[in-house]
Amino acid sequence: MKIYNIAILGCGKVAHLHAKAVQNLANAKLAGVWSRSKNTAETFANQYNVPFYNNIEKLIKQEKIDLAIVCTPHPFHFEPVLEAAKSGANILVEKPLASTLEDSDLIIEACKKADVELGVISQRRWYEPVKRVKEAIDAGKIGKPVFGTINMLGWRDKEYY
């Protein structure tokens, strides 16, 4: 069985969920981490007993990374994704893909050019209310939607941004 080497780029709160998930996969290994802050990366790496890097390309090349999971705050997705793609790793990005449409387009183009796979986390698709709306759309119960809005209450402190 092939073991996939996985790196986490960005070591904040959501990165812990990813690290624990990777550790529970029989065919995957958390092989290293990177963060914009050396102290954050070092603390996270020590907790999961993996190496930390201050250079994404070195992490991907030295640890032979198959997949890089980008967990930085969303305004900071762009650079790590581009670096990881350019270095040859497949990418999984926490939502949203980027903060602007232009950055999203550049990310998609960079991944195509590098011939790497790109995915975006969208965990709410499995929430019961979301599944019911999808079923109603598929069954034609509400016609063909052409526009939608959602109000979702959430909170992020100043440090997040």
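Whatever comes next refers back to the structure up there.
Cut-offs and rules
The residue count restarts for each chain, going from 1 along the sequence in the order it is written. Residue-level local features of this predicted model are given only where pLDDT is at least 70; pairs of side-chain atoms are given and counted only at 80 or more, and the full residue set underlies all totals for whole chains, interfaces and linings. To obtain the side-chain values, all non-hydrogen atoms of the structure were used and water was disregarded. For every residue, the accessible area obtained with a 1.4 Å probe (protein chains only) is divided by the maximum for its type, and the residue is called buried under 20%, exposed over 50%, and partly exposed between those limits. The secondary structure listing takes helices from DSSP runs of H or I that are at least 4 residues long and strands from runs of E that are at least 2 residues long, numbered from the N terminus. Throughout, a residue-residue contact means that at least one pair of heavy atoms, one from each residue, lies within 4.5 Å. Here a polar contact is taken to be a pair of N or O atoms separated by no more than 3.5 Å, where protein atoms must pair a possible hydrogen donor with a possible acceptor and residues adjacent in sequence count only if both atoms sit in side chains.

A.B. asks: Describe helix α4 (residues 78–86), listing the residues and the values that go with them.
C.D. replies: The set of residues buried in α4 consists of Phe 78, Pro 80, Val 81, Ala 84 and Ala 85. In this fold, the buried residues of α4 make contact with β1 (4–9), β2 (28–34), α3 (56–62), β4 (67–70), β5 (90–93) and α5 (101–114). Residue Gly 88 follows α4 closely and has a positive phi angle near 100 degrees.

A.B. asks: Run through the environment of Ser 99, naming residues and quoting values.
C.D. replies: As for its position among the elements, Ser 99 is in the loop between β5 and α5. On the basis of relative accessible area, Ser 99 is assigned to the partly exposed category, the value being 43%. Placed 60 residues apart in sequence, Ser 99 and Asn 39 show a C-alpha to C-alpha distance of 25 Å. Beyond its immediate sequence surroundings of up to four residues, Ser 99 is in contact with His 74 and Pro 75. Here the side chain of Ser 99 touches His 74 through a polar contact of 3.3 Å, landing on its backbone oxygen.

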